[in-house]
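Chain by chain, the residues run as shown.
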Amino acid sequence: MKKLFFPILIAFCLTACTKDLTDFYIRLDQREAANKELQKQNEELRKQNEAQEKWNAALAEMNARLQLEADELEKKLDSLEAVLAIVPIVEPKLRMIEFVTDENPMLTENLTCEIIGDSVIECWLPMITTEKYLIPRFTFDGTLVTIDGMEAQSGASMFDFKAPVTVTVHTSEKSVSYTMYVHSYTGLPIMRIDTEGGAAITSKEVYINAHMTLTEDIRTRDAGDLLEADLQIKGRGNSTWVRWPKKPYRLKFIDKVSLFGEHKDRSWVLIANYADKSAIRNHTALYMGKISNLNYTPSSHFVDLILNGQYNGTYEVCEKIKISNHRVAVGDDGFLLEVDNRVQFEGGEDARFFFTNHMTAPISIEDPEVEIDDENFEYVRNFVSTADDVLYSDLFLDPAMGWKNYFDMDSFVDWYLINEITHNPDATMMYSCYMHLKRGGKITMGPVWDFDLAFGNTDYWERGPYNFWIKKSDWIIRMFKDPEFVARVKERYDYFYSRKNDIFREMDETATYLKRSAQENEDRWHTLYHYALPNYEIWGSYYNEVQSVKEWLNTRMDWLKTEFDKM
């Protein structure tokens, strides 16, 4: 037994040792791999530090250059002119300008700017940033290059491109200057809104506190300006709030602010345009309002919205419709009204609305606040109800007592035409139909509003581009019984038809402006190539969506021209 025991013991020990050695070698390999990875990370960190140190040095050099007097540059140019006197003079020209990652650690890829003619340079940074300290590389024909009057060395001199800069190529005989725009992300202004504590915006009724930073860019009045303001924000809209993931918002600033050069006010809205894949429908209709005879049309501007640190897509900043000297100007005792069928179901206890004998939907008093049966409420209800009765009475066309003594005909004509041209399904005297009334004055239609489902964007009802739509609605159908109203409609339609090229030019410029933001919006929300209730058709790319709106509108306007000419 002893003879068998010792060989077995030895074999067991050898086996155990072999297993221990195997584990040891495995751990050794793992440690070596970890060391190599650590060395790689250290090398990358060293390179990043070197790039950061180089960038810091360039920033310091830029700040030092900014301290130099302008005459130092003139002295250098004078000295170079003396040298150039013995060599041929060339025409000054910028050949190429770019930003590369070696000199600009903030970039993830090299960027070549576009030189347009001899006047403009466009460059697009692939990130949202308000800091634009960059080092350009460039080639040129000439003596030297200055940026905003300071000498620039290719690949070495840093400049702040937050606002447009002037790039000038000099020779001893002449110089040529370019305006250089370095766009952040898509080229749209960037609106950052951070709610208090990062709270989510979940209600249309309850405001939450927030802070806004707006960085304006080339399409705005003051390029590169930064506006900061405290505000409150909540949800807004009806189906747009409930139905779709990209939400619209209402902004109420603590103090009045001017956004994009518009008149100061506390109230603004952010329109999401989720159902409108082209994002140009509202803007196009509002442009038509701007060139019309309507008293007031809200202004709109596009932004990239960053909400609580996350990119939230392309939004349209609009003036909120309200009584104001610079918006709906009806004086201190006038009224803003809205025809909206939803108010009787969703308005709640604070809804102040009434019905007339011939209007299907109720009419609410939006501004100012009134109480049921108080003097203001009774004044509006009595006046509008009387106007409604006269419109449908035998005195309809009476010069002294007829409908035109209560309704401002010209405002109804232009409001009707804008909504008929765009085939707006909400404007059938059922939803979002605004009008205003001065004491002692007439019911005046407008402003126009809410066109994301217009231009053939719905898969329900009549979707055009043929057939009349708004002409069949309450009040409007009765007004068409007046030959004077019809004549005015035909006259004013000829005006809009004559501006068709202007309308299409505005559409093209807006779509070009939005194309980069539209791609980022698509990456965020994935609306292109997908059905979103109530889209009529899916056209695919952003270009196709825009083109479909243009083709629809062109067909629509030609059809309406034929029909109105028959009247």
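Computed from a predicted structure; not experimentally measured.

**Structural notes on the nonpolar core**
One recurring pattern in soluble globular proteins is that nonpolar side chains are buried together.
Link 1 in the chain: If you look at the biggest cluster of nonpolar residues, it comprises 88 residues, and the most contacted ones within it are Phe-412, Trp-415, Tyr-416, Met-429 and Trp-475.
Link 2 in the chain: By residue number, the principal contributor to this core is helix 11 (residues 542-566), which donates nine residues.
Link 3 in the chain: Residues in contact with Trp-475, not counting those within four places in the same chain, are Met-359, Ile-363, Val-384, Asp-388, Leu-391, Tyr-392, Phe-407, Phe-412, Met-429 and Met-435.
Link 4 in the chain: If you look at the next biggest cluster of nonpolar residues, it comprises 25 residues, including Leu-107, Leu-111, Cys-123 and Phe-161.

**Side note on the sheet that holds strand 2 (residues 111-112)**
Link 1 in the chain: On the basis of which strands lie adjacent, the open sheet formed by three strands has the order 2-1-6 and antiparallel pairing. Unpaired on one side and paired on the other, strand 2 and strand 6 (137-141) mark the two borders of the sheet.
Link 2 in the chain: Of the strand pairs in this sheet, strand 1 (residues 93-99) and strand 6 are connected by five bridges, and their pairing is antiparallel. Across the sheet, the residue bridging to Lys-93 is Asp-141, located in strand 6.

**Focus: the pattern of salt bridges**
A side chain with one charge can pair with a side chain of the opposite charge if their charged atoms come near.
Link 1 in the chain: Tallying each qualifying case throughout the model produces 27 salt bridges.
Link 2 in the chain: Ionic pairing is found between Arg-381 and Glu-378, a salt bridge with its closest N-O pair at 2.2 Å. With a gap of three residues between them, Arg-381 and Glu-378 both fall in helix 6 (residues 375-391), about one helical turn apart.
Link 3 in the chain: By relative accessible area, which is 25% here, Arg-381 ends up partly exposed.
Link 4 in the chain: Its salt-bridge partner being Arg-488, residue Asp-410 comes within 3.0 Å of it at the nearest N-O pair. Placement of the pair is Asp-410 in helix 7 (residues 409-421) and Arg-488 in helix 9 (residues 483-498), with a sequence separation of 78 residues.
Link 5 in the chain: The class for Asp-410 is partly exposed, based on a relative accessible area of 34%.
Link 6 in the chain: Of the residues examined, Arg-488 reaches a relative accessible area of 18% and is grouped as buried.
Link 7 in the chain: Linked by salt bridges that have partners in common, Asp-265, Glu-319, Lys-322 and Arg-327 make up one network.

Rules of the game
- Residue numbers run consecutively from 1 along every chain, following the written order of its sequence.
- Note on the predicted model: pLDDT of at least 70 is required for a residue's local features to be given, and 80 or more for side-chain atom pairs to be given and counted; whole-chain, interface and lining totals, by contrast, use all residues.
- Water and hydrogen atoms were dropped before computing side-chain values, which therefore reflect all heavy atoms in the structure.
- Only buried residues count toward a nonpolar core, which is a set of Ala, Val, Leu, Ile, Met, Phe, Trp, Tyr and Cys residues joined through side-chain atoms within 4.5 Å.
- Only protein chains enter the area calculation, which uses a 1.4 Å probe; residues under 20% of their type maximum are buried, those over 50% are exposed, and those in between are partly exposed.
- Think of it this way: any DSSP run of H or I at least four residues long counts as a helix, any run of E at least two long counts as a strand, and we number them from the N terminus.
- Any pair of residues with heavy atoms lying within 4.5 Å of one another is described as a contacting pair.
- Criterion used throughout: strands pair if DSSP finds at least two bridges between them.
- A pairing counts as a salt bridge when a side-chain nitrogen of Lys or Arg comes within 4 Å of a carboxyl oxygen of Asp or Glu.

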